[in-house]
Amino acid sequence: MSTFLEQLPIVINSLNIGFLQTLKLFFVTLLGALPLGLLICFGSMSKIKPVKRLFQLLIWIVRGTPLMIQLLIIYYFPGLVLDNPIWGGAESGRFAASAVAFIINYACYFSEIYRGGIIAIPIGQDEAGLVLGMTKSDIFFKVKLLQMIKRILPPMSNEVLTLVKDTSLARIIALQEIIWAGQAFMKGSQGISGAIWPLFFTAIYYLICNGLLTVLFARLEKKLSYFR
Amino acid sequence: MHILEVEHISKSFEKTEVLKDICFTLEKSQVLSIIGSSGSGKTTLLRCLNFLEHADQGTIKVNGELIFDATDPSYRKEAVMRRNLRHFGLVFQSFNLFPQYTALENVMLAPKLSAAKEKDYKSHKKEILASIEEDALKYLDMMGLSDRIGNYPHQLSGGQCQRVAIARALALKPDILCFDEPTSALDPELTGEVLKVIKSLAEQKMTMIIVTHEMSFAKDVSDQVIFMNDGIVLEHGTPTEVFENPKEERTKQFLGMLNT
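What counts, and at which threshold
Residue positions are counted from 1 within each chain, in the order its sequence is given. Numbering of ligands from 1 and lettering of chains from A proceed in the order in which they are written. For a predicted model such as this one, the threshold for reporting local features is a pLDDT of at least 70, and the threshold for listing and counting side-chain atom pairs is 80 or more; totals across whole chains, interfaces and linings nevertheless cover every residue. With hydrogens and water stripped out, all remaining heavy atoms of the structure feed into the side-chain values. The helix and strand labels rest on DSSP assignments: H or I over at least four residues marks a helix, E over at least two residues marks a strand, and numbering proceeds from the N terminus. For the exposure calls, accessible area comes from a 1.4 Å probe over protein chains only, and a residue counts as buried if that area is under 20% of its type's maximum, exposed if over 50%, partly exposed in between. One speaks of a salt bridge when a side-chain nitrogen belonging to Lys or Arg is within 4 Å of a carboxyl oxygen belonging to Asp or Glu. Expected span of a helix, by definition, is 1.5 Å for each gap between consecutive residues, and there is one gap fewer than residues. When we speak of the arc, we mean the arc of directions from the helix axis to the C-beta atoms. Only heavy atoms enter the contact rule, under which two residues are in contact if any of them lie within 4.5 Å. For two strands to be treated as a pair, DSSP must find at least two bridges joining them. Axis definition: a line fitted to C-alpha atoms, limited for helices to the stretch in contact. Angles are taken between N-to-C directions and run from 0 to 180 degrees. A residue's pLDDT is simply how confident the predictor is in it, with values from 0 to 100. Pairing of aromatic side chains requires ring centres within 6.5 Å, counting the rings of Phe and Tyr and the six-membered ring of Trp. Pairs whose planes differ by under 30 degrees are stacked, by over 60 edge-to-face, and all others tilted. By definition, being over a ring means that NZ of Lys or CZ of Arg is both within 6 Å of the ring centre and within 35 degrees of the ring normal. Put simply, buried area is how much 1.4 Å-probe accessible surface two parts lose in total, over both of them, once they are put together. Whenever a nitrogen or oxygen atom comes within 3.5 Å of another N or O atom, the pair is scored as a polar contact, on the condition that within protein one atom can donate a hydrogen and the other can accept it, and that pairs from neighbouring residues in sequence are kept only if both atoms are in side chains. Lys, Arg, Asp and Glu make up the charged group, whereas Ala, Val, Leu, Ile, Met, Phe, Trp, Tyr, Cys and Pro make up the nonpolar group; the residues left over, Gly among them, are polar. Crossings are assigned a handedness: left-handed for a near helix turned anticlockwise from the far helix by less than a right angle, right-handed for a clockwise turn. Using only the protein atoms, space was sampled on a 1 Å grid; points where a 1.4 Å probe fits but cannot get out form cavities, open sets with protein on both sides within 12 Å along at least five of seven lines form pockets, and lining residues are those with an atom within 4 Å of a point. Grid points are joined across faces, edges and corners, and a volume is the space filled by probe spheres set on the points.

A. Region of interest: the overall build of chain A. Along chain A, the regular secondary structure elements total eight helices and zero strands. Ordered by position in the sequence, the α and β elements of chain A form the string α-α-α-α-α-α-α-α. Once the C-alpha set of chain A is aligned to its principal axes, its extents read approximately 75 × 50 × 25 Å. A buried classification covers 43% of the 228 residues belonging to chain A.

Rendered as structure tokens:
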């Protein structure tokens, strides 16, 4: 049995590789879910009733079921039920399936946060824009968007911090993120087995990452504190 | 020719009739004050003129040109409304400045966005933006705000905010500037400074429609006064006629001329 100090570099190297995958899923999800959420938000606020109902239904289903189940369905449904395994069995396929599940799931949560931010803006802002002859899209992008962003930063930071930790759910379809990497040392990997401490070590990664994000959100809030 | 002709405007919300067959005309460079108790329809009338509401019946003409006809849905198309809206400016009771922009940016935003949609914008961008800024500075100066151009709305007093809002409306060079109770959110001191700039606009022959509860101001600045009650024009005349010789009992009651 090798000593802790001998095992440490091996474990850290493994966790680093796992965490890279965690970060990749995190950033890809944000990149997809931030704009998709806005689209779903507009859909759920549409004046056309059927469109509105459809998006509300989507939000209800996505927010009403566990992300873990959504991951399993998105990954296995095409292959097992439709007999068309679009994802393949490789890590890249598992990553793509995870990204799709996470983007849809988080976009629905973001859309409701956006909606809250939009309805909190006084109607006078729309009316002022309209009587100044601005188009609806100008009013949204030039007048309301920044006010909305300012209002939604606190709930968004909550959701983004949760996302960092939620990426571990992709473990359920064997995505090799950091929890998967830590767990490997329990079963046995690279000459280390029965070790649970690497799993505990993963917490430090999440903690540091979320610490940085907390600082980033505080900075953004400060940056937008020039207006009320 | 009348600068504004409002004919048979009616408007209901659900089953409540808020405006009933409103007719009046306005001449260029005249000031029209609309007085009346809360809920009499004054604000709704202004909102119909600025297309924030659509009248159910009636027509609106500016300089003889039909800009709204309730029977013709084409006047409710967004692009048509935006073009016809250029005749009017509206100053709100609650200012509605854009909080993330400075006073100067508030005044420049709409003219900039509108200029950016013109064909020759790209080739003359610099000159166009410079002339928009020059205009904005001129209007802010007119409002006595030259030293406040870089301030954000939350750094300004209510009176200063309202004056920025007036400059913002003027920057689009409307034919008719409308005010919806422009001083109702202000204390007496700030009210005075806003009324002063409105009066100076009247002296510069700006055509204006002012919904107000400031009776002595209305009497002082107006060419015509309309007293609205329950959605109708109950009394319409010169300030002397309406304020000193009202025909209707209800007007007398509203003006506090009856001893009860």
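B. Examining the pattern of salt bridges more closely. Evaluation of the coordinates by the stated rule reveals 14 salt bridges over all chains. Through salt bridges with shared partners, a single ionic network connects A:Arg63, A:Glu112 and A:Arg115.

C. Seen up close, helix H4 (residues 125-142) of chain B. Residue and element names in this part refer to chain B. Helix length check: H4 (18 residues) gives 26 Å between terminal C-alpha atoms against 26 Å at 1.5 Å per residue, within 8%. All buried positions along H4 are accounted for by Ile128, Ile132, Ala136, Tyr139 and Leu140. Buried positions in H4, seen along its axis, are confined to an arc of 105 degrees and lie on one side of it. Residues of H4 that are exposed and point over 90 degrees away from its buried face: Lys126 and Glu134. The inward-facing, buried residues of H4 abut helix H3 (103-116) and helix H5 (158-170).

D. Just the sheet that holds strand E6 (residues 88-91) of chain B, in detail. All names here are of chain B. With respect to topology, six strands assemble into an open sheet ordered E6-E7-E8-E3-E9-E10, the strand pairing being mixed. Each edge of the open sheet carries a strand with a single partner, namely E6 and strand E10 (232-237). Pairwise comparison of adjacent strand axes, ignoring direction, gives a mean angle of 20 degrees for this sheet. Looking at chain direction, strand E7 (residues 176-180) and strand E8 (residues 207-211) are connected through five bridges and run parallel.

E. The confidence of the model for chain A, seen in detail. Of the residues in chain A, 99% reach a pLDDT of 70 or more, and the chain-wide mean stands at 93. Here helix H7 (residues 178-187) of chain A is the element of chain A with the lowest mean pLDDT, 90, and helix H2 (residues 49-64) of chain A is the one with the highest, 97.

F. Molecular detail of the packing of aromatic side chains. Evaluation of the coordinates by the stated rule reveals 15 aromatic pairs over all chains. Ring geometry for A:Tyr75 versus A:Tyr76: centroids 4.8 Å apart, planes at 70 degrees, classification edge-to-face. Assessed through its relative accessible area of 13%, A:Tyr75 is described here as buried. Both rings, one in A:Tyr226 and one in A:Phe227, keep their centres 5.0 Å apart while their planes meet at 70 degrees; by these two values the pair is edge-to-face. According to the relative accessible area criterion, A:Phe227 is buried, its value standing at 1%. A connected cluster of aromatic rings, assembled from ring pairs, spans A:Phe102, A:Tyr106, A:Tyr109 and A:Phe110. Its end group placed over the ring of B:Tyr139, B:Lys138 keeps NZ or CZ at 4.9 Å from the ring centre. Note that B:Arg168 overlies the ring of B:Phe98, its terminal NZ or CZ placed 4.6 Å from the centroid.

G. The interface of chain B and chain A, seen in detail. With 24 residues of chain B at the contact, the number on the chain A side is 20 residues. When residues of chain B are sorted by the area they lose upon contact with chain A, B:Phe98, B:Gln100 and B:His154 head the list and together hold 27% of the total. At the boundary of chain B with chain A, the tally comes to two salt bridges. At the junction of chain B with chain A, the criterion picks out nine residue pairs in polar contact (both at pLDDT 80 or more). For the side of chain B that touches chain A, the elements supplying multiple residues, two or more each, are helix H2 (78-84), E6, H3 and H5 of chain B. With three residues, the single largest contributor to the side of chain B that touches chain A is H3(B). Along the lines of polarity and charge, the residues of the side of chain B that touches chain A split into 15 nonpolar, four polar and five charged.

H. Summary view of the packing of H2(A) against helix H4 (residues 91-119) of chain A. Residues and elements named next belong to chain A. One way to put it is that H2 packs onto H4 with a least axis distance of 9 Å and a crossing angle of 115 degrees. Judged by the sense of rotation from one axis to the other, the crossing of H2 with H4 is left-handed. Facing Leu58, Ile59, Val62 and Arg63 of H2, the residues of H4 in contact are Ile104, Asn105, Cys108, Tyr109, Ser111 and Glu112. Across the contact of H2 with H4, the residue classes tally to six nonpolar, two polar and two charged.

I. Fine view of the layout of surface pockets. Here the largest pocket defines a volume of roughly 980 Å³. Looking at the largest pocket, it is lined by 29 residues, and the ones nearest its centre are A:Lys47, A:Asp126, A:Leu130, A:Lys136 and A:Lys144. Those elements giving two or more residues to the lining of the largest pocket turn out to be H4, helix H5 (123-131) and helix H6 (136-166) of chain A together with H2 of chain B. Counting residues per element, the lining of the largest pocket draws most heavily on H6(A), which supplies six residues. By residue class, the composition of the lining of the largest pocket is 15 nonpolar, four polar and 10 charged.

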